[in-house]
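# Remarks on the overall topology
Chain by chain, the residues:
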Amino acid sequence: MTGSTPFYITTPIYYVNDKPHIGHAYTSLACDVMARFKRLDGYDVKFLTGTDEHGQKVENSANAKGVDPQSFTDGVSQNFRDLAAFMGYTNDDFIRTTEERHMVSCQALWQKLLENGDIYLGAYEGWYAVRDEAFYTEDETEKKPDGTRVAKASGAEVAWMEEPSYFFRLSAWQDKLLAFYEANPDFILPKSRRNEVLSFVKGGLQDLSVSRTTFKWGVPVPNDDAHIMYVWLDALTNYITACGYPDTNNEQYQKYWPADVHMVGKDILRFHAVYWPAFLMAADLPTPKRVFAHGWWTNEGQKISKSLGNVIDPIDLVNKYGLDQVRYFLLREVPFGNDGDFAHSAMVTRMNSELANDLGNLSQRVLSMVVKNCDGVIPTPGDYTAEDRAMLDQAYGLLGKVRAQIDVQSFSDAIETIWQVVRASNAYVDQQAPWKLKKEDPARMATVLYVLAETIRNIALLLQPLMPTSMDKMLGLLEIAEGDRSFAFCGEAGALKPGTALEQPEGVFPRFIDHEELDKSYTGDEGSFMIKRALRQNPKTKETVFEILRDNGTVEELLSTDLDKAKEKGALTQV
RNA sequence: GGGGCAGUAGCUCAGUUGGUUAGAGCCGACCGCUCAUAACGGUCUGGUCGGGGGUUCAAGUCCCUCCUGCCCUACCA
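These numbers were taken from a predicted model, which means no experiment stands behind them.

Our focus in this paragraph is the pattern of salt bridges. One pass over the structure, following the stated rule, counts 29 salt bridges. Here R327 ties to D32 by a salt bridge, and the two come within 2.7 Å at their closest N and O atoms. Within this pair, whereas R327 is found in helix α12 (residues 323-332), its partner D32 is found in helix α1 (residues 22-40), the two being separated by 295 residues in sequence. On the accessibility criterion, R327 (0% relative accessible area) is buried. You can call D32 buried: its relative accessible area is 0%. In this structure, the salt-bridge partner of K255 is E251, at a minimum N-O distance of 3.3 Å. You can see K255 and its partner E251 sitting in helix α9 (residues 251-256), 4 residues apart, about one turn around the helix.

What follows is the structure in structure tokens.
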């Protein structure tokens, strides 16, 4: 990959006080899809994720568990590595803020900011609430009748505190930041978020307290042991640490910095879109090219919170619906940047109607016909008709359109673009009716099936970043060699070779059928069995074919109507 | 209080710089096909584009106003 264009993309480093949830999975997924896409498109990609392990909450959690902070974070950080592996993320590095390389990097950045006069020692004063671990301004507090002063927001008691603190001269960077946003209109996406940041900065910036003395778990401030660095200065620096900072002559730094995309949740946009570029400019370092703030998920229309107990565990989702199905849903259901709702019914509709019916069935019907009617090999096409040409043009035109959409993180649009071709392919199958051509004009049938196989190949190539496992299977069914799956092979360049032998195709996307009988066990004359899953269901009569597991280990099919009859007769009883 | 975003078919949403009969998917009805994972295709039903006012030859698309919902308004992350 030497010589190819570098592309550097990052997730935020995740705060280890939390168990990984759907939000973490979502951010990383978006990065993974971009990273995979760019690799297939010939870029030299660096995809970074990691964990943010400092701060008072971590220190407290560790104390509460009676372990030292380092062993505590070792454990929790591992959860995030495990999630990344489980979700199939292809991060090239995993950074932890407790690593030596990061301490060195943070202290070097601090030193640089100090030298440039952007950090000075002052005093932080304000109304501090121990319970909230937060300072409040005068008007955010109120005096109660009993004379105590409390924070309006939380009701926590506050006390006047003064502590020495280092400050970052953020106020000096207001105009430069505004000029920077002006010169880089796509630095903050989506647009609405950009407006928010702009109005925030225009509203005036105060200097930022960047050190703490109230706890110890953090990066020590150079030459002042009483202070540790403010967590965000610490955390944000990870993006350059991973490129080898402070060694800016380093090969990694030279190649990958500044980052192409920092993917973040909307809650941490400000830190990335205001503080981070200010820190970097103050340190005479180049600023990243884009910060993309995505939205949040709700669960069946409900806000997700620990207290409601409706936190979504990505591992549960994958176990229930399948990895590629979940990856597909998360980026398909909602325009990236908007908030979205995770609903079981929506998930099932997407995986059945789009994955199983539209795409899965398309490849199944086409490849079955090829295997059955073309001696099991990719057929040789004859002259193309206008319809054939139109079909192929759509398939071959996909890369350009999808690339443009992926470049601005419009994942759902990119998927829709591909699906238009999927639907067009199904329409084309019906119009051409190759099953009729089989008798009437076999040569014409061969051409149609070739056009279809070639279309499926292009669709599958482009869907690899989103659904790597399934598309590996689909491309395997087409006998596309591993080395022929990059986007360089999109279009005519990688056209299928007639004569290539194909195996009997297998379904790529199973349907998901809800049924009240699932997981129930019955016993009768012929022994007992458990209803494992629903294989097929007549959408009108709701008659269902179950796959059952007998206690002797054999797997059989059972009709729901037969089950009902047997239950009525008393031949079967539920266990 | 200040700033921003959104309100378009039953549901979820597209609708470029204002310009022919307002689109898609899902859902529903009907027809066709039978290669395929009881899948696919086609047709149809369905919208006073939140309310009101204005600019214009022409507005879902610009301006004003009102209503409704959401978000931001700094140092836990």
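Our focus in this paragraph is the nonpolar core. Judged by nonpolar contacts, the single largest core of 97 residues is most densely connected at L331, F342 and W419. For this core, the two domains that each supply at least three residues are domain 1 (6-111 + 213-295) and domain 3 (348-494). Excluding residues within four positions of it along the chain, W419 makes contact with Y328, R332, E354, L355, D358, L359, L463 and M467. If you look at the next biggest cluster of nonpolar residues, it comprises 58 residues, including Y8, A242, A259 and W276.

Here chain A is partitioned into domain 1 (6-111 + 213-295), domain 2 (117-212), domain 3 (348-494) and domain 4 (521-574). Taking only C-alpha atoms into account, the centre of domain 1 sits 52 Å from that of domain 4.

Next up on the list: the sheet that holds strand β21 (residues 555-559). One open sheet accounts for 5 strands, arranged β21-β20-β19-β18-β22; its pairing is antiparallel. Here the strands that pair on one side only, and so sit at the sheet edges, are β21 and β22 (572-574). For this sheet, the mean angle separating the axes of adjacent strands, direction not counted, is 40°. In this sheet, β22 lies alongside strand β18 (residues 521-524) in antiparallel orientation, the contact comprising 3 bridges.

Conventions used here
Residues numbered from 1 in each chain as written. Chains lettered and ligands numbered in written order. Predicted model: local features only at pLDDT ≥ 70, side-chain atom pairs only at ≥ 80, totals over all residues. Heavy atoms only, no water. Salt bridge = Lys/Arg side-chain N within 4 Å of Asp/Glu carboxyl O. Helix = DSSP H or I, 4+ residues; strand = E, 2+ residues; numbered from the N terminus. Buried < 20%, exposed > 50% of the residue type's maximum accessible area, 1.4 Å probe, protein only. Core = buried A, V, L, I, M, F, W, Y, C linked by side-chain atoms within 4.5 Å. Domains from an automatic or database assignment. Contact = heavy atoms within 4.5 Å. Pairing = 2+ DSSP bridges. Axes fitted to C-alpha atoms, helices over the stretch in contact; angles between N-to-C directions.

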